[in-house]
Amino acid sequence: MHYLVARVSQEEQKEALPAQKLRLLDYAEKYGWSESKDFKYIEIDETAHKEDRRMFHADVIEPLLKEKELVIVVFDKIDRFTRDSGSEVRHIITKLVKDGRIELHFPHDNLYINRDSPAADLFRLEIGMSLAGYYSNAIRDNVKRRFSQMLNDGIWIGRAPIGYYNYREFDKNSGKIILKEIKLDPERQHLIRKGFELRSTGLPYKSIAKSMKKAGLRSRTEARIPISAGQWEQILNNPFYVGVMVYKGTEYAHNYPRIIDQWLWDKCQDIKNQRSNGKTKYNSKEYLLKNLKCHDCGYSISFEGPKSKGGYIYGKCTEYGGKHGAMRIREDKLLEQIREVLSSITIPKKELPWLVSEIEKNHASEQEYYLRNRKRLEKEYEDLDEEVQELFRDRKQFKGHMEVFENMVKEIEIKQKMVLEELKDHSNGDKAFVVGASYILDICSRALELFDAESSKVEQKRYLLDFILQNLTLDGKTLRFNLKMPFDAIALMSKQGEWYPLQDSNLRPSVPKTDALIR
């Protein structure tokens, strides 16, 4: 029994499901496959929640693992297979292909993968997934940019800290949110200020927690539990109460009312610094492999040295989980292994033209999805524009409630601004895909050169290794790792010396019947 899989992971892709199904059924008809006898059509809708990705496991992966004979799994395009190079799905299916238990068919991309596929075909698959993943990451970047803009505008993007609360106002007719705001919590704000005042006198967090419990301060949860000493430590070191919000280590001034004054905040910080006297901080040296883990126990590899000029740096497992005979090894011996890896992914310059052409083929396929998103955003902007015009046509009904009217218009304008930002990103999408793939090729052609360059700093070398390797561990005196996609395919092509596809290797298979495809 073969599998024809139609799959969507975003809301805007739902309307493409019927077209996917039609193309998959046409493919089955071309080879004379009968739905009742030869194949099973599976439709996966993962748009509701990320947890719904388990549908793919239940409907596709688990049945595949139980199959006894060779199975052909057909996806319309490569990006319907997976956009995540490190996903569990990708690793399971890749192993099934290598074991000769399944074949992957991508009719739209004219690509067919089995255990005997040449390295060039595997490279096409890897590049296709890389570009699909690059697009997904670009969309996530849009969200990050919107968050960044809101923070720069003084708008907090998360849950308000205790002493404040998140206020939402809904439209009575549509039920849509027309106003989001953070307001002072009348029940708790004065108790939060009292906590700061107690801290300014030198009281420890535990004493403040005990005092505020007696004063009646409780959490905003349904259980309404007292605030612990650990929570008070977070509260009293949160600058939000003095007008500054911190997001991922960066400070932004916010537009909300302050609960405490600057002088009180400064006084509490002085108390914190006084209590920290005598404590020291360990500033570790910038060892290149400082994030290396032990393959045996999972604990960190500790590096030290050199203790004398011209001496060596040594690494050894901390063995915090128990002694297991870990050995000391010189860092330079590990770096020799790293250089061998970087040499294995070096692409000969004469092969670059063909690889660029393969990237362009995959890129053309991605653009269809990209253009559909752009059309959706343009329509969304037009719909929002119509909403604004409708509000102005009916503004008389807001007589006496002009504040509500202005808030509704402001909310729509914010949404339009976000849509425009997304459109701007999409307009640059064509360049983004090519630049992303070209960057990978450039890394492969100069990886060892970049690593050994005298001008390269430790953090730059570490970034290079993180970009290429994953699951890096030390097993005795040997580094264990996985090459990230598509570097694993490039290493395979380099090892086999297969930089060009075999004659007609990507042409549609000529076998018309199901039985003939089963070895």
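Considering the overall build of the protein
Along the backbone of the protein there are 15 helices and 15 strands. Counting the 519 residues in the protein, one finds 41% classified as buried. Restricting the contact set of the protein to residue pairs at least 6 apart, pairs at least 24 apart contribute 66%. Accessible area of the protein: about 29400 Å², with a carbon and sulfur share of 50%.

Re the packing of aromatic side chains
With the rule as written, the count across this model stands at 11 aromatic pairs. For the pair Tyr27 and Tyr31, a centre-to-centre distance of 5.0 Å together with 70 degrees between the ring planes defines the contact as edge-to-face. With relative accessibility at 3%, the residue Tyr27 sits in the buried group. By the ring-pair criterion, three or more aromatic residues cluster together here, those being Trp156, Tyr164, Phe196, Phe240, Tyr241, Tyr256 and Trp265. Between Arg328 and the ring centre of Tyr314, over which it is positioned, the NZ or CZ distance is 4.1 Å. Over the ring of Phe451 we find Lys461, and its NZ or CZ is 5.4 Å from the ring centre.

Describing the pairing of strand 8 (residues 244–247)
Taken together, the four bridges between strand 8 and strand 9 (residues 250–253) define a ladder with antiparallel strand orientation. Paired with Tyr247 across the two strands is Thr250, which belongs to strand 9. Where strand 8 folds back onto strand 9 in an antiparallel hairpin, the turn is made up of two residues, including Lys248, whose phi is positive at roughly 50 degrees.

Considerations on the environment of Gln496
Assignment of secondary structure puts Gln496 in helix 14 (residues 487–496). As a C-alpha pair, Gln496 and Ala119 span 377 residues in sequence and 7.7 Å in three-dimensional space.

Some remarks on unusual backbone geometry
Even without a glycine there, the phi angle at Lys248 is positive, about 50 degrees. On the secondary structure map, Lys248 appears in the loop between strand 8 and strand 9. Relative accessible area serves as the criterion here: at 69%, Lys248 is assigned to the exposed category.

Some details on the pattern of salt bridges
In the structure shown here, the tally under the stated rule is 14 salt bridges. The closest approach of N and O atoms between Glu197 and Arg193, which form a salt bridge, is 3.2 Å. In this pair, Glu197 and Arg193 both sit in helix 5 (residues 189–200), four residues apart, roughly one turn of the helix. Assessed through its relative accessible area of 29%, Glu197 is described here as partly exposed. What makes Arg193 partly exposed here is its relative accessible area of 24%. Notably, a salt bridge pairs Asp261 with Arg193, separated by 4.0 Å at the nearest N-O pair. Of this pair, Asp261 sits in the loop between strand 9 and helix 8 (262–275) while Arg193 is found in helix 5, placing the two residues 68 residues apart along the sequence. What emerges from the salt-bridge pattern is a single network uniting Asp185, Glu187, Arg188 and Arg224.

A few points about the confidence of the model for the protein
Averaged over every residue, the pLDDT of the protein is 78; residues scoring 70 or more account for 78%. Note on residues 48–52: pLDDT is under 50 here. Beyond four places in sequence and across chains, it has two contacts. Throughout residues 501–519 the model reports pLDDT below 50, and contacts reaching past four residues in sequence, or to other chains, amount to 43 contacts.

Quick look at the sheet that holds strand 5 (residues 111–113)
Strand order in the open sheet formed by five strands is 2-1-3-4-5, and the pairing between neighbours is mixed. Across the chains shown, the open sheet's two edge strands, defined by having one partner strand only, are strand 2 (39–45) and strand 5. Averaged over neighbouring strand pairs, the angle between their axes works out to 20 degrees when direction is ignored. Its contacts with the sheet put helix 1 (residues 17–30) on strand 1 (2–8), strand 2, strand 3 (71–75), strand 4 (102–106) and strand 5, and the angle it makes with strand 1 is roughly 165 degrees. Along the sheet, helix 3 (residues 88–98) contacts strand 4 and strand 5; its crossing angle with strand 4, the most-contacted strand, is approximately 115 degrees.

Some points on the packing of helix 5 against helix 6 (residues 205–214)
In a pair of packed helices, the angle between the axes and the distance between the axes together describe the arrangement. It is at 10 Å that the axes of helix 5 and helix 6 come closest, and there the two elements cross at 145 degrees. Crossing angle aside, the handedness with which helix 5 passes helix 6 is right-handed. Across the interface between the two elements, Leu191, Lys194, Gly195, Leu198 and Arg199 from helix 5 touch Tyr205, Ile208, Ser211 and Met212 from helix 6. The class makeup of the residues in the contact of helix 5 with helix 6 is five nonpolar, two polar and two charged.

Points about the side chain of Asp185
Here Asp185 shows up in the loop between strand 7 (177–184) and helix 5. From its side chain, Asp185 meets the backbone nitrogen of Glu187 in a polar contact 3.0 Å long.

Overview of the pairing of strand 4
Taking burial as the measure, the five residues of strand 4 include five buried ones, the bulk of the element. Every second residue of strand 4 is oriented toward a common face, with Ile102, Leu104 and Phe106 on one face and Glu103 and His105 on the other, all of them buried. Between strand 4 and strand 5, which pair antiparallel one after the other, the connecting turn spans four residues, and Asn110 there sits at a positive phi close to 55 degrees.

Points about the sheet that holds strand 15 (residues 478–483)
Read across the sheet, three strands follow the order 10-14-15 without closing on themselves; strand pairing throughout is mixed. Looking at strand neighbours, the two that pair on one side only are strand 10 (293–294) and strand 15, the edges of this open sheet. Looking at chain direction, strand 10 and strand 14 (residues 469–475) are connected through two bridges and run parallel. If you follow Cys294 over to strand 14, its bridge partner there is Leu474. Running at roughly 30 degrees to strand 15, helix 9 (residues 331–344) makes contact with strand 14 and strand 15 of the sheet. Sitting on the sheet, helix 13 (residues 458–468) is in contact with strand 14 and strand 15, with an inclination near 105 degrees to strand 14.

What counts and how
- Residues numbered from 1 in each chain as written.
- Predicted model: local features only at pLDDT ≥ 70, side-chain atom pairs only at ≥ 80, totals over all residues.
- Heavy atoms only, no water.
- Helix = DSSP H or I, 4+ residues; strand = E, 2+ residues; numbered from the N terminus.
- Buried < 20%, exposed > 50% of the residue type's maximum accessible area, 1.4 Å probe, protein only.
- Contact = heavy atoms within 4.5 Å.
- Areas by Shrake-Rupley, 256 points an atom, 1.4 Å probe, with all protein chains shown as cover.
- Phe/Tyr/Trp six-rings, centres within 6.5 Å; stacked < 30°, edge-to-face > 60°.
- Lys NZ or Arg CZ within 6 Å of the ring centre and 35° of its normal.
- Pairing = 2+ DSSP bridges.
- Salt bridge = Lys/Arg side-chain N within 4 Å of Asp/Glu carboxyl O.
- pLDDT = per-residue confidence, 0-100.
- Axes fitted to C-alpha atoms, helices over the stretch in contact; angles between N-to-C directions.
- Left-handed = near helix turned anticlockwise from the far one by under 90°.
- Nonpolar A, V, L, I, M, F, W, Y, C, P; charged D, E, K, R; others polar.
- Polar contact = N/O pair within 3.5 Å; in protein donor to acceptor, adjacent residues only side chain to side chain.

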